[in-house]
Structure formats: C-alpha cells, structure tokens
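Report on the structure
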Amino acid sequence: MVQFSEDQIRRYSRHILLKEVGGIGQKKLLASKVALVGAGGLGSPCAFYLAAAGVGTLGIIDADRVDESNLQRQILHKTTDIGRLKVESARDTLQAYNPDVQVVTHETPLSSQNALGIISQYDVVVNGADNFTTRYLVNDACYFAGKPLVDGSILLFDGQATVFIPGRGCYRCLFPAPPPPGLVPNCAEAGVLGALTGVIGSVQAIEVLKLILGIGESMASRLLLFDALSMEFRMVKL
C-alpha cells in the first residue's frame, strides 16, 4: 500500500477526516486506475475532480485536437492550447494540478481492435463520448472486460448519468440499438449550455470515487435526469 508523505497528508486532509474515506480510503484512491473516454465537456470536470482526489492513474482517451469552440465548456484546455492534442493539454493541466497523478495518454480513436486492450488496463471507466458509435463500443468493451462504466451525456440544457456494473445491466440493456443517423443532433449541431457539463461531469466523478472507495449507493440500476432550465433532478429506476 502507498505510504503518505507529509505533503500528501496536507493535500488530502479533508478526505482523511471523513470516516467513510480515512487513510485507508485515500490509499485506495492513490492505487486506483481510471480511464476517461473523452477529454471534452464531461471528461474535463470529471478528470479535474478525480485528479484533485488523488486517483493515482488517469488514462485519457481522445484523438481530437483543441478547437476554439471547445473552450466554452472544456475546462481542461486553455486558449494557448488551441491546435494541441487534447490528451497532451489534459496531461499538462492535470499534472500541474496534482503531481501525484500519473496521466496516461491514448491519442487514438477507440476501435473494435483496440478498445478491449485499453479498457482492460483500468479499474473504472468514465464514458464522456459525444457519438453513439463510441458509446456502444465502450459499453461492449467494459462488458467483456468486466469493468464498471460510469456513463454520462448532455445536450442543449439536459443531462443524464448512470452506472453500469458488470452483471447488473449495460448501456445496451437501456438502449438496445443506436438511433438512426441524423435523428439525434450532437452538441456541434444543436448546442449545449457550458456549465451543464460541469454538473454531469461532477456527478460522474462522485460515482467513480464511491465505486473505488466502496461507499454509498451507486447509481447502478438508476438513471439520473437533470433539466438545467427548471433546475430539476429526477431519478428513474431501470
């Protein structure tokens, strides 16, 4: 198990004070490995809070480069990062924020050839993909690898999040087949409220931490729906 330095005791003191976390729980976080599919709107706030919490290894999977239109919501990236690979920008930002965290970059599109190999390396997977092809691919890889999947999505002013635990349902159980091409617009076509990504991404981070620590009740078998315009949260049993 990881031993704390004096700097770590100060950094994680508010976690260590929590009886549900304590020193043992913080060591679990430092020893854990989490993969984030996408360093965009959802991946950004989720990665920030996981890094701040001291999750020892963060794998960032993204093949895109930073575009100026990303900066409205993708808080991992700055104006000076425009044109850079998102995984490189994310790595620099997160390691500057917490040097305890090892950031592993996967600057490649996920495919049926590489998804299982990448995802098998991690304890928990966070899905922030912005297209249905990748969402189903990540779900299938997590299913076959036996990895918990913390799923989230956003569009316009609405967001949703849930957790899929191996043996207790998966994304295909909820949505058996993707919608026909062009039926559901993406954020580039329809728009999204930037701060909405912070809400759903933070919910995903909380669920990841609960899974690693083995505390609380996960959202497995439940779907959280959030309407930002009415500021209403609803929980639906699956």
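Structure's up top.
Here is what the cut-offs are and how they apply
- Per chain, residue numbering runs from 1 following the sequence as it is written.
- Only residues with pLDDT of at least 70 are given local features in this predicted model, and only at 80 or more are side-chain atom pairs given and counted; all residues enter the totals for whole chains, interfaces and linings.
- In computing side-chain values, all of the structure's heavy atoms are included and hydrogens and water are not.
- Helix and strand labels come from DSSP, where a helix needs a run of H or I of at least four residues and a strand needs a run of E of at least two; each type is numbered from the N terminus.
- Here the globule rule reads 2.2 Å times residues to the power 0.38, and the radius of gyration is calculated from C-alpha atoms.
- Pairs of residues are marked as contacts when any of their non-hydrogen atoms sit within 4.5 Å.
- Here, Shrake-Rupley sampling with a 1.4 Å probe gives the accessible areas, and only protein chains in the shown set may cover a residue.
- To pair, rings of Phe, Tyr and Trp, with the six-membered ring standing in for Trp, must have centres within 6.5 Å; the planes then decide the type, stacked if under 30 degrees apart, edge-to-face if over 60, and tilted in the middle.
- Think of it as a cone above the ring: NZ of Lys or CZ of Arg counts as a charge over the ring if it is within 6 Å of the ring centre and within 35 degrees of the ring normal.
- Only the contacting stretch of a helix is used when fitting its axis, a line to C-alpha atoms as for every element, and angles between N-to-C directions run 0 to 180 degrees.
- For this classification, under 35 degrees means roughly parallel, over 145 means roughly antiparallel, 65 to 115 means roughly perpendicular, and everything else is oblique.
- Note on convention: the crossing is left-handed when the near helix lies turned anticlockwise from the far helix by less than a right angle, right-handed when the turn is clockwise.
- Residue type decides the class: Asp, Glu, Lys and Arg count as charged, Ala, Val, Leu, Ile, Met, Phe, Trp, Tyr, Cys and Pro as nonpolar, and the leftover types, Gly among them, as polar.
- For our purposes a nonpolar core is just a set of buried Ala, Val, Leu, Ile, Met, Phe, Trp, Tyr and Cys residues, chained together by side-chain atoms within 4.5 Å.
- Exposure categories follow from relative accessible area, calculated using a 1.4 Å probe and restricted to protein chains: below 20% of the type maximum is buried, above 50% is exposed, and the middle band is partly exposed.
- Salt bridges are counted wherever a side-chain nitrogen of Lys or Arg sits within 4 Å of a carboxyl oxygen of Asp or Glu.

Some details on the overall build of the protein chain
A tally of helices and strands in the protein chain yields 10 helices and 8 strands. Taking 2.2 N^0.38 as the reference for a compact globule, 238 residues should give roughly 18 Å; the C-alpha atoms of the protein chain span a radius of gyration of 17 Å, in line with that estimate. In terms of principal-axis extent, the alpha carbons of the protein chain reach across some 55 × 45 × 40 Å. For the protein chain, the proportion of contacts with a sequence separation of at least 24, taken over those separated by at least 6, is 64%. Element-wise, carbon and sulfur atoms account for 56% of the exposed surface of the protein chain, whose accessible area totals about 11600 Å².

Quick look at the packing of aromatic side chains
Within the structure shown, the criterion is met by 6 aromatic pairs. Aromatic side chains phenylalanine 164 and tyrosine 171 sit 6.2 Å apart centroid to centroid with 90 degrees between the ring planes, which places their arrangement in the edge-to-face category. A centroid spacing of 4.3 Å and a plane angle of 25 degrees characterise the contact between phenylalanine 226 and phenylalanine 233, whose relative ring orientation is stacked. The rings of Tyr136, Phe164, Tyr171 and Phe175 are connected pair by pair, giving a single aromatic cluster. A cation sits over an aromatic face here: lysine 27 above phenylalanine 4, 5.6 Å from the ring centre.

Re the packing of helix H4 (residues 43–53) against helix H10 (residues 194–213)
Put simply, H4 and H10 touch, their axes get as near as 7 Å, and they point 40 degrees apart. By the angle between their axes, H4 is oblique relative to H10. Along this stretch, H4 crosses H10, giving a crossing that reads as right-handed. Taken together, the residues of H10 that come into contact with H4 (itself represented by Pro45, Cys46, Tyr49, Leu50 and Ala53) are Thr197, Gly198, Gly201, Ser202, Gln204, Ala205, Val208 and Leu209. Each residue belonging to the contact of H4 with H10 can be placed in one class, and the counts come to 8 nonpolar, 5 polar and no charged.

Topic: the nonpolar core
Residues Val34, Leu50, Leu58 and Leu94 are the most contacted members of the largest nonpolar core, which totals 43 residues. Once you skip the residues sitting within four places of it in the chain, leucine 94 turns out to touch Ala47, Phe48, Ala51, Leu58, Ile60, Leu76 and Val103.

Focus: the pattern of salt bridges
Enumeration according to the criterion identifies 9 salt bridges in this entry. Among the ionic pairs, aspartate 7 bridges to arginine 10, the shortest N-O distance being 2.3 Å. Separated by 3 residues within a single helix, aspartate 7 and arginine 10 lie in helix H1 (residues 6–11), roughly one turn from each other. Neither aspartate 7 nor arginine 10 differs from the other in exposure class; each is exposed.

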